[in-house]
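Close look at the chain arrangement
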Amino acid sequence: MFNKLCIIGVGLIGGSVAKAARAQGLAKTIVGYGREQDLVNLQTAKRLGVIDEFYIESVEAVKEADCVVIATPVASIEAIFNQLKPFWSKETIYTDVGSTKGSVLAAAERVFGFIPDNLVPAHPIAGAEQSGVEAALVDLFVHKRLIITPASHTNVEAVQKIRTFWQGFGALVSEMDAQHHDSILAATSHLPHILAFALVDMLGHKDEQTEILKYAAGGFRDFTRIASSDPTMWKDICAANKSEILPLIEQLRAELAKIHGLLANDDYQQLFSTFAYAKSARQRFLNQFEVPTMSKSITFHIQNGGKLQGEARVPGDKSMSHRSIMLGSLAEGVTHVKGFLEAEDALATLQAFRDMGVEIEGPVNGELTIHGVGKHGLKAPKNDLYLGNSGTSMRLLSGLLAGQPFNSVLTGDKSLSGRPMKRVTEPLALMGADIKTTEKGTAPLVITGKAGQLNGIDYVMPMASAQVKSCLILAGMYAQGETSVTEPAPTRDHTERMLAGFSYPVKQEGSKVTVTADGKLTAADIDVPSDISSAAFFLVGASIAEGSDLLLKHVGINPTRTGVIDILRLMGANIEVLNEREVGGEPVADLRVRYSPLKGIDIPEDLVPLAIDEFPVLFVAAACAEGQTRLSGAEELRVKESDRIQVMADGLQILGVDVGGGTVTSHGDHRIAMAFSIAGLRASAPITVLDCANVNTSFPEFKDLVKNLGLDLVCEES
Ligand code: S3P
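So, here is what we can say about the structure in this document. (Residues numbered from 1 in each chain as written. Predicted model: local features only at pLDDT ≥ 70, side-chain atom pairs only at ≥ 80, totals over all residues. Heavy atoms only, no water.)

**A look at the nonpolar core**
- Core analysis: the biggest nonpolar cluster contains 76 residues, and F538, L552, L568 and F702 have the highest contact counts within it.
- One finds F340, A402, I447 and I526 within the second-largest nonpolar core, a separate group that totals 64 residues. (Core = buried A, V, L, I, M, F, W, Y, C linked by side-chain atoms within 4.5 Å. Buried < 20%, exposed > 50% of the residue type's maximum accessible area, 1.4 Å probe, protein only.)

**A short note on the sheet that holds strand 23 (residues 526-527)**
- Taken together, four strands build an open sheet; the order of strands is 13-14-12-23 and the sheet is mixed. Looking at strand neighbours, the two that pair on one side only are strand 13 (359-364) and strand 23, the edges of this open sheet.
- Where strand 13 meets strand 14 (residues 367-373), four bridges bridge the pair, whose relative direction is antiparallel. Note that in strand 14 the partner of E359 across the bridge is H371.
- Sitting on the sheet, helix 12 (residues 318-330) is in contact with strand 12 (332-338), strand 13, strand 14 and strand 23, with an inclination near 35° to strand 14. (Pairing = 2+ DSSP bridges. Helix = DSSP H or I, 4+ residues; strand = E, 2+ residues; numbered from the N terminus. Contact = heavy atoms within 4.5 Å. Axes fitted to C-alpha atoms, helices over the stretch in contact; angles between N-to-C directions.)

**Topic: the sheet that holds strand 11 (residues 309-312)**
- Across the sheet, four strands lie side by side as 11-24-26-25; this open sheet has mixed pairing. What marks the edges here is a single partner per strand, and that holds for strand 11 and strand 25 (574-583). Across the sheet, the mean angle separating the axes of adjacent strands is 15° when strand polarity is ignored.
- When strand 25 meets strand 26 (residues 586-594), the two strands line up antiparallel, connected through eight bridges.

**A few points about the site of the ligand**
- In the neighbourhood of the ligand, the contacting residues comprise S319, R323, T392, R395, S465, A466, Q467, R492, I612, D613 and K640.
- The separation between an oxygen atom of the ligand and a polar side-chain atom of S465 is 2.6 Å.
- K640 is positioned such that a nitrogen or oxygen atom in its side chain is 2.7 Å from an oxygen atom of the ligand.
- The fraction of the free accessible surface of the ligand (390 Å²) that becomes covered by protein chains is 95%.
- Of all the secondary structure elements, the ones that give two or more residues to the shell around the ligand are helix 12, helix 14 (391-402) and helix 16 (466-476). (Near = heavy atom within 4 Å. Polar contact = N/O pair within 3.5 Å; in protein donor to acceptor, adjacent residues only side chain to side chain. Areas by Shrake-Rupley, 256 points an atom, 1.4 Å probe, with all protein chains shown as cover.)

**Considerations on the environment of V62**
- As for its position among the elements, V62 is in helix 3 (residues 58-62).
- In sequence terms V62 and M571 are 509 residues apart; their C-alpha atoms lie 78 Å from each other.
- In this structure V62 touches K4, C6, V68, L84 and F87, once residues within four positions along its chain are discounted.

**A few points about the pattern of salt bridges**
- Under the counting rule described, the total for this entry stands at 32 salt bridges.
- Across the salt bridge formed by K512 and D458, the nearest N and O atoms sit 3.3 Å from each other. With K512 in strand 22 (residues 512-515) and D458 in strand 19 (residues 458-460), this residue pair connects regions lying 54 residues apart in the sequence.
- With its nearest N and O atoms 3.7 Å apart, the salt bridge here joins E482 to K507. You can see E482 sitting in the loop between helix 16 and strand 20 (483-486) and its partner K507 sitting in strand 21 (residues 507-509), a full 25 residues away along the chain.
- Several salt bridges share partner residues, and in doing so they unite R419, R492, D613, E641, R644, D669 and R671 into one network. (Salt bridge = Lys/Arg side-chain N within 4 Å of Asp/Glu carboxyl O.)

These figures come from the coordinates and say nothing about function on their own.
Quick look at the structure:
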């Protein structure tokens, strides 16, 4: 890529750039430049083969270099520009690696009177506490972010070349303006460094008298690791980015004062909420931004055998939890929710509404208080709405946001970003919505709000999908005239029921549901029953494991969701529906399930949409049943969190259809991971299920609950 690469400042970062460039074959010759006092370091760099040659005269160093990387501390960049100015060449691309970018551009302005168009400022977000070329690493930038901050007139080809250069090292490159970069880094890097230095400064001085640090453990070490960084460098970074950092210190002071107040007043409820929010926010950030090598992988190891016995209440219904947040937010007044599912998918919806200005307290033990803002009270989110793995959040929100007076962007994780969104954007377009997808019809969804401009439609859905139906109902609440949706087969009707519970008019005629924009939602309390989709793992588990007898309490048995009970009963399962009652407009019951030998059946097609999420575990039931089970008309399974037909077929092939044992992967699909775990009850050898982190999207308690009830499951995190 470059004939001659010149690194100014061959320390940890400069040395790592040189090593990576050499390893990737991106430069023929690599030279270093430093001051006289850097001589020993430069000699070491040459001896280690990091650079081919070094100079202490800049004229020689940069001569005929086609790329110059300035890898010296930010405070020295102005001096470096002054040195380079006499031989600044149009043929060369200049770039730097400084942690602040406004200061680099300002230094260039001062030295040159303008920002040269062949200067491409860049910042690799990678580093270590060590310094010097001996600490340089060939893979320092692999999977790390690198931000390029070109000026508006920076040469586009030069930017492209620097982008390719860093991508060649395995870095994840993005572009933004320098000011934006500095404000982000102030919050995510500079402030944390200041905090670490401050804590150690404070405790260190105290320690002179008390030797408290002798007893410091891992938490202290983790938190203060970055206080081992180079103090000169950090003094310089703070100085260079002072205007962004000072207001953040003020905000942190206010946050600490808040926590001080809560503690002083024994307000442990709020203290818990603050910590709980921080914990879930951190998890979301990790899920969203963490690069693949760093993400936590979870493996389930299941000892074969066992039986399920006892009583359990599985967590709250996912579909209803999503809708409770959505409708509670749009309602007038305060909505209390009980039984809310505290799992990643529903929490993604919750966060999206917080991002749109809705005040939501909790969740604490499944309880939430939503301060509704009314149908027209949502505010424009400041950032993209990140919906993790949740198809329900994305599809329902696309309908709701299409008719708002603001624009929004919906993003998701890798699996969600591969799922079809045209099924919602196409009918929404017929209503006058403006939503852009990728060419493949997938997220991100870029929504231009069309408040007052949507028109009702009469739509016949080509597939049985509650998400599409609900999406259009939500859009219809903002459209002129009537919006009707007809479904080819009954699908879950929680949106319709909950809207009625919030006193919003919904007309149901056979398979057609109709709404208009006339009406408002009035806050109502919601009691979310247990999710029958989570209960399904235990219904199957107890059915296939001899000696099992299980009582599942307070399970939602809405008739649009009970296909799993019907199918299992057709196969010979022993499931009793006890204590039927109605809670908040939804039927609920306790389910008693006992072991019973299953037989294969042809699954009636009309039951498929009513058990759509339960097929992974129903496949396990089928594998354990005597005889053949046939499923048809279930193509929707191919576009769930994974291709559930393929992934289950692959896994059952490995285990042997009579369930031996072995290692299978869930392909990051929560329901596949849990289904294969349940297969362990009947397996003849241990089962290992890879890639199980996604169980947290719907059922974080699964591993503990299943263990309590009698399956020997060990969860390994790495
Ligand atoms: C859901 C609808 C179903 C289901 C999903 C939840 C909902 O999806 O699979 O887990 O809450 O509306 P489809 O509408 O794609 O069938």
